[in-house]
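Next come the chains, spelled out residue by residue.
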Amino acid sequence: MARLVVVQQKQPSFSLLPSSLSDFNGVRLSNSSIQFSKRKEWQAKGAFQVKASSAKKILIMGGTRFIGVFLSRLLVKEGHQVTLFTRGKTPITQQLPGESDQDYADFSSKILHLKGDRKDFEFVKTSLAAEGFDVVYDINGREADEVEPILDGLPKLEQYIYCSSAGVYLKSDLLPHFETDAVDPKSRHKGKLETESLLDSRGVNWTSIRPVYIYGPLNYNPVEEWFFHRLKAGRPVPIPNSGVQITQLGHVKDLARAFVQVLGNAKASKQVYNISGEKYVTFDGLARACAKAAGFPEPEIVHYNPKEFDFGKKKAFPFRDQHFFASVEKAKTELGWKPEFDLIEGLADSYNLDFGRGTYRKAADFSTDDMILNKSLVLQS
């Protein structure tokens, strides 16, 4: 088993290092000690494959936290040579719950690693030029200036596939958002908009994917985890305002499949695609869906007016307090992509393969809940 590791020095050096098993959030995930009834289902869902015309030398910017973990596995199974570009601060591979020892060993033996900081633009340019990749998947890019040295180092690049965000759309009363909708140049995702413009101006064969809210095992954004913490503790679920705000979630494995389906796809050239689940859900409905998926009783939901509270820098609720959802019809029509997970099934997959095993990204913090619930009790009395 080998990983190509580039250690950033005055003169970049390359060495092959043996791979090793890694820990996930301090818990060793050994398949030999894991028993899970939906084990085969994980393999079936994650094994969907879309064949590119030929094997490619692929670079993934990022790839060890969430989206890239599932994407890299699909690409390796397709027969591509996959290299992850990271700072090397987290393990390059980890065995996933439900993943067989053999599948993990096969993946670990084939994945490569290029170590460096993508903000060191000269190093990025020279190291990528030395490797000569065919395709780049940019999973963690946030600003356009981070992309320029990649393009400079790979002048013969065949395709640049970018992870953008549906958060770039201008807030509107007309929903769902379509790829042709107006965008917000002042949004917190404006760097992603500027990146899409840069790719287009450079004449690159690019494709941009705009997810809405992503969920699933390993999710570092506390989307479903926020609900699971409260459900497990048997606490009421505080939801802002009426709770009928409509939003949308897409499973990470469905997103990974979409990323694979644009690879080498002529229809995807210089195109943007929204990717998420097919159905929309209210905030209250999401709380009930999380409970149903994880096997908890239907939750007690408490509504509150967020304007009546000062939460400081703490975030009391993991979603933007508005209607926010996008159409995925373009991806379904042009790419032949279709999400495999419905919401309940996807939340169950996330819970059973992650939170339900005792692994999570952030410890429970109910301090804002207590502020809301204490005031609610005073008003009731």
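Conventions and cut-offs
Residues numbered from 1 in each chain as written. Predicted model: local features only at pLDDT ≥ 70, side-chain atom pairs only at ≥ 80, totals over all residues. Heavy atoms only, no water. Axes fitted to C-alpha atoms, helices over the stretch in contact; angles between N-to-C directions. Helix = DSSP H or I, 4+ residues; strand = E, 2+ residues; numbered from the N terminus. Parallel < 35°, antiparallel > 145°, perpendicular 65-115°, else oblique. Left-handed = near helix turned anticlockwise from the far one by under 90°. Contact = heavy atoms within 4.5 Å. Nonpolar A, V, L, I, M, F, W, Y, C, P; charged D, E, K, R; others polar. Phe/Tyr/Trp six-rings, centres within 6.5 Å; stacked < 30°, edge-to-face > 60°. Buried < 20%, exposed > 50% of the residue type's maximum accessible area, 1.4 Å probe, protein only. Lys NZ or Arg CZ within 6 Å of the ring centre and 35° of its normal. Pairing = 2+ DSSP bridges.

Going by the annotation in an unreviewed UniProt entry, the name recorded for the chain is Chloroplast stem-loop binding protein of 41 kDa b, chloroplastic isoform X2, with Nelumbo nucifera given as the source organism.

S.K.: Break down the packing of helix α7 (residues 224-232) against helix α9 (residues 283-294) for me, with residues and values.
M.R.: With their axes 10 Å apart at the nearest point, α7 and α9 run at an angle of 65° to one another. Between α7 and α9, the interaxial angle falls into the category roughly perpendicular. In this structure, the crossing between α7 and α9 has a hand that is right-handed. On the side of α7, the interface is formed by Phe227, Phe228 and Leu231, while α9 contributes Leu286, Ala287, Cys290, Ala291 and Ala294. For the contact of α7 with α9, the class distribution of residues is eight nonpolar, no polar and no charged.

S.K.: Could you give an account of the packing of aromatic side chains, with specific residues and numbers?
M.R.: Taken as a whole, this structure holds 20 aromatic pairs when the rule is applied. Measuring from centroid to centroid gives 6.0 Å for phenylalanine 66 and tyrosine 220, while their planes differ by 80°, and the two rings are edge-to-face. You can see phenylalanine 66 sitting in the loop between β5 (57-61) and α2 (67-77) and its partner tyrosine 220 sitting in the loop between β11 (213-215) and α7, a full 154 residues away along the chain. The exposure class assigned to tyrosine 220 is partly exposed, which follows from its relative accessible area of 39%. Over the ring of phenylalanine 107 we find arginine 73, and its NZ or CZ is 4.2 Å from the ring centre.

S.K.: Lay out the environment of glutamate 340 with the relevant residues and their values.
M.R.: Tracing the backbone shows glutamate 340 in the loop between α10 (329-335) and α11 (343-353). Owing to a relative accessible area of 27%, glutamate 340 belongs among the partly exposed residues under this scheme. Along the chain, glutamate 340 and histidine 251 lie 89 residues apart, while their C-alpha atoms are 8.7 Å from each other.

S.K.: Would you mind going over the sheet that holds strand β8 (residues 135-138) in detail, with residue names and values included?
M.R.: Overall, parallel pairing links the seven strands, which are arranged β7-β6-β5-β8-β9-β10-β15 in an open sheet. Every other strand in the sheet has two partners, leaving β7 (112-115) and β15 (271-275) as the edge strands with one partner each. Strand-to-strand twist across the sheet, computed as the mean angle between neighbouring axes with direction ignored, equals 20°.

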